Amino acid sequence: MRTVFYIIAIIVIVTTALPLARRDAWWIRIFDFPRLQILVLGAAALAGLFAFGRPFELTGIVIVFLSAAAVVYQAYMMFPYTPFARKQVEQSREPAEGNTLAILFANVLMTNRNAEGLLRQIKSLNPDVVLLAETDDWWASAVSQLEADFPHTVLHPRDNTYGLLLYSRLELIDTEVKFLVQDDVPSIHGRLRLPSGRVVEFRCLHPRPPVPTEEERSSPRDAEILIVGKENRDTKLPFVVFGDLNDVAWSRTNYLFQNISGLLDPRIGRGFFHTFHATIPLLKFPLDHLFHSNHFRLVDFRCLERFGSDHLPVYIKLSLEHDAKHVQEEPEPTNGDITEAEEAIAFAEEPAHVRNA
C-alpha cells in the first residue's frame, strides 16, 4: 500500500513541476488545467504516506516534503478563485440605468443538436449580447430566430469548430472579424453602444487549445490572448473580453494576461465557476471567461444549465458606474511580465517551420 502512495506522490510532484518550466509543449501546459485534481491527489498521497509509510527514510522524507510543497503551490495558484480571497470586482448596489450590459456566451459543441435548450435559456434571461462559439452553418440556421430580438449581428460560422456567432440588441460599431495568429481561428472585435450612449470596446475570442488533436503548442493561444490584453492599455474606453479561451483561470497565461491588460476578473473572490466538462464530475475546469476594465461593477454572474454541449453557458451582467475605476485597482505588469508577453507574441507570430524547429 505504501508503494501506491509513493507513486501517487511522485505523479503529483512531477505534474506540479512541469508547468514551472514555462515551455509551450502541450504535454507540459496541459498540467495548468487540473490543479484542483492534483491538489486532491497530493492531499490523499500525504494522508496515505503518514498512515502507511512511516517511519520515513531520507527518500521518503524528500518525497513527503516535495508533495507537501506541491499541494501548497496548487492551493496558492487557485486561492484567488475561492470565496476566501478578496473580491477583485465589487458588487453593484445600484446598477446604473441605461449603463448595464448583460452578456450570455456559450461554446455550443458543434455536433450538439439541442439548439432549443440553449434558446430557452437565452429567452428566459433576455441578455443584451449573445456569443455562440464552435458554430457551423447548422447552428447559424438553428438559432437564426435570434435575429428578431438581436438585430445587430456578426455571423462567422465555420466547420472547423472555430465559428463565432454574435447577436446584440445594442448597436454594434466598427465590428470586424480578425485572424490574430492563425488564419483559421477568428475573433470578433468592435464596439457597442449602451442605451445611455456610452461606448464599450469588446473582443470575442475562441483560440485553439494546446491538445494533441488541435495544437501541439500553447504559443498560438497564449499570443492571441496577450495581443488582445495589450489593446486595453491603448484605449480609455470601457473594455470587455469574453469567450471560450481554452485556458483555465489559474494558469500562468491567465495571470499574465490580467497584468498586461489591466482587466479584472469577476470570479476572483467568488468561486471557480467551472464551465467544462458539463457532464463529467471529476473533469471540471473554468475555461469560459469574461474580463472587463475597472469601469464596471458586477450585477450577476452564473453558470447556466447544460443543454447538450460539453460546456455550460455563462451569464454575466455588468454595471458601468462612474466611480468604479477609482475604487477597483487594476493589475499592473512588471518589466518581466512585459518582456514575457512580448516574447510570447513574437514567437507565435513567427512562421510555423521556425517555431517548430
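The following paragraphs examine the structure supplied in this document. Fair warning: this is a prediction, and the values are worked out from it, not measured in the lab.

**What about helix α8 (residues 252–261)?**
Side chains that are three or four residues apart share a direction in an α-helix, a result of its 3.6 residues per turn. Of all the 10 residues making up α8, eight are buried; the element is thus mostly covered by neighbouring parts of the structure. When we look at burial in α8, the residues that qualify are T253, N254, Y255, L256, F257, Q258, I260 and S261.

**Concerning the sheet that holds strand β2 (residues 129–133)**
With mixed pairing, six strands are arranged side by side in an open sheet as β3-β4-β2-β1-β11-β10. Edge strands, defined here as strands with exactly one partner in the open sheet, are β3 (152–156) and β10 (296–303). Each adjacent strand pair in this sheet contributes to an overall mean axis angle of 10 degrees, direction not counted. Two strands pair when backbone bridges link them, and strand β1 (residues 100–107) and strand β11 (residues 314–320) are joined in this way by six bridges, in the antiparallel orientation. Residue pairing across strands places T100 opposite S319, the latter belonging to β11. Most of the contacts of helix α5 (residues 115–125) go to β1, to which it runs at about 175 degrees, and overall it touches β1, β2, β10 and β11.

**What to know about the nonpolar core**
Of all hydrophobic cores here, the largest spans 30 residues; its most connected members are F105, L166, L192, F202, F242 and I316. Elements supplying a minimum of two residues to this core: β1, β2, β4 (164–168), β6 (187–193), β7 (199–205), β8 (239–244), β10 and β11. With four residues, the top contributor of residues to this core is β11. If we ignore the near neighbours within four places in the chain, the residues touching F242 are I103, F105, V129, L131, F202, R203, C204, L205, H289 and L290. Ranked by size, the runner-up nonpolar core spans 23 residues in total, among them L49, V71, V248 and I268.

**What to know about the layout of surface pockets**
For the largest pocket, the calculated volume is near 580 Å³. Lining the largest pocket are 23 residues, with R22, R23, R29, R252 and E340 sitting closest to its centre. Those elements giving two or more residues to the lining of the largest pocket turn out to be α4 (58–78), α7 (219–232), α8 and α10 (335–349). The residue makeup of the lining of the largest pocket, split by class, is nine nonpolar, three polar and 11 charged. By volume, the second largest pocket is sized at about 440 Å³. Along its surface, the second largest pocket is lined by 23 residues, and P209, V211, N246, F276 and L287 are the ones closest to its centre. Along the lines of polarity and charge, the residues of the lining of the second largest pocket split into 12 nonpolar, seven polar and four charged.

Reading the values: the criteria
Residues numbered from 1 in each chain as written. Predicted model: local features only at pLDDT ≥ 70, side-chain atom pairs only at ≥ 80, totals over all residues. Heavy atoms only, no water. Buried < 20%, exposed > 50% of the residue type's maximum accessible area, 1.4 Å probe, protein only. Helix = DSSP H or I, 4+ residues; strand = E, 2+ residues; numbered from the N terminus. Pairing = 2+ DSSP bridges. Axes fitted to C-alpha atoms, helices over the stretch in contact; angles between N-to-C directions. Contact = heavy atoms within 4.5 Å. Core = buried A, V, L, I, M, F, W, Y, C linked by side-chain atoms within 4.5 Å. 1 Å grid on protein atoms, 1.4 Å probe; cavity = no way out; pocket = protein on both sides within 12 Å on 5 of 7 lines; lining within 4 Å. Points joined across faces, edges and corners; volume = space filled by probe spheres on them. Nonpolar A, V, L, I, M, F, W, Y, C, P; charged D, E, K, R; others polar.

Limitation: the analysis is restricted to geometry and does not speak to function.
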